[in-house]
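Here is what each chain is made of, one letter per residue.
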Amino acid sequence: MDTLFKIGAFLGFLAFLRVGSLATKVQKLERIERLQDAGALAEKTHMMKDMMEPYVGSEIALDFYEGEGEADLFFDNAAVLVAVDEKWALLEVSDKGKKKQKLIRLSSIKGASAKK
């Protein structure tokens, strides 16, 4: 009986994690749908592209919408903006001597600023 209780508790915990991740995905889709309905998604990404272009080649800090951030960018890792186009931003992230390239969707970025 104790084993069945443990299995049930474990499966309940997995279901809780699954539902939690679905809630953030639903919020993201609702936000994108609102922007598309208003015809503002293309305008927002174009505005974000114009805002980020001067930072190409510079180390930047990004502010993401809730649930859409990159784990590598939450820590004190150096992120250099390599390129930006209408939908994507290419970053080079340095973490403990290793360099990785990350492709970030502009619609998930709230704001950007240059690090000093």
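Just above sits the structure.
Everything in this summary refers to the structure shown in the same document. What you are looking at is a predicted structure, and each value in this text was computed from that prediction instead of being measured. (Residues numbered from 1 in each chain as written. Predicted model: local features only at pLDDT ≥ 70, side-chain atom pairs only at ≥ 80, totals over all residues. Heavy atoms only, no water.)

On to the overall build of the chain, then. A count of helical and extended segments in the chain gives 3 helices and 5 strands. Reading the chain from its N terminus to its C terminus gives the helix and strand order α-α-β-α-β-β-β-β. When the 116 residues of the chain are sorted by exposure, 25% land in the buried category. Look at the contacts in the chain between residues 6 or more apart in sequence, and 52% of them connect residues 24 or more apart. Within the structure as shown, the chain displays about 8,200 Å² of accessible surface, and the carbon and sulfur contribution to it stands at 59%. (Helix = DSSP H or I, 4+ residues; strand = E, 2+ residues; numbered from the N terminus. Buried < 20%, exposed > 50% of the residue type's maximum accessible area, 1.4 Å probe, protein only. Contact = heavy atoms within 4.5 Å. Areas by Shrake-Rupley, 256 points an atom, 1.4 Å probe, with all protein chains shown as cover.)

One finds Met-52, Leu-81, Ala-89, Leu-91, Leu-106 and Ile-109 to be the most contacted residues of the largest nonpolar core, which totals 14 residues. Listed by contribution, the elements that provide at least two residues to this core are α2 (41-52), β1 (60-64), β2 (78-84), β3 (88-95) and β5 (109-114). Once residues within four sequence positions are removed from consideration, Leu-81 is found in contact with Met-52, Tyr-55, Val-56, Gly-57, Ser-58, Ile-60, Ala-89, Leu-90 and Leu-91. (Core = buried A, V, L, I, M, F, W, Y, C linked by side-chain atoms within 4.5 Å.)

Let's shift gears to the sheet that holds strand β4 (residues 98-105). Strand order in the open sheet formed by 3 strands is β2-β3-β4, and the pairing between neighbours is antiparallel. Two strands lie at the open edges of the sheet, namely β2 and β4, each paired on one side alone. On average, each strand axis in the sheet is inclined to that of its neighbour by 25°, with strand direction left out of account. Where β2 and β3 come together, 6 bridges link them in antiparallel fashion. Bridge pairing links Leu-81 to Leu-91 in β3. (Pairing = 2+ DSSP bridges. Axes fitted to C-alpha atoms, helices over the stretch in contact; angles between N-to-C directions.)

Below, the discussion takes up the pattern of salt bridges. What the rule picks out here adds up to 4 salt bridges. A salt bridge links Lys-49 to Glu-53; the nearest nitrogen and oxygen atoms lie 2.8 Å apart. When its relative accessible area of 14% is taken as the criterion, Lys-49 is described as buried. For Glu-53, a relative accessible area of 37% translates into the label partly exposed. With its nearest N and O atoms 3.7 Å apart, the salt bridge here joins Lys-49 to Glu-86. Placement of the pair is Lys-49 in helix α2 and Glu-86 in the loop between β2 and β3, with a sequence separation of 37 residues. A relative accessible area of 40% means that Glu-86 is categorised as partly exposed. Connected via shared salt-bridge partners are Lys-49, Glu-53 and Glu-86. (Salt bridge = Lys/Arg side-chain N within 4 Å of Asp/Glu carboxyl O.)

This next bit is on the side chain of Ser-108. Looking at the element boundaries, Ser-108 is found in the loop between β4 and β5. Here Arg-105 takes part through its backbone oxygen, which lies 2.8 Å from a polar atom of the side chain of Ser-108. (Polar contact = N/O pair within 3.5 Å; in protein donor to acceptor, adjacent residues only side chain to side chain.)

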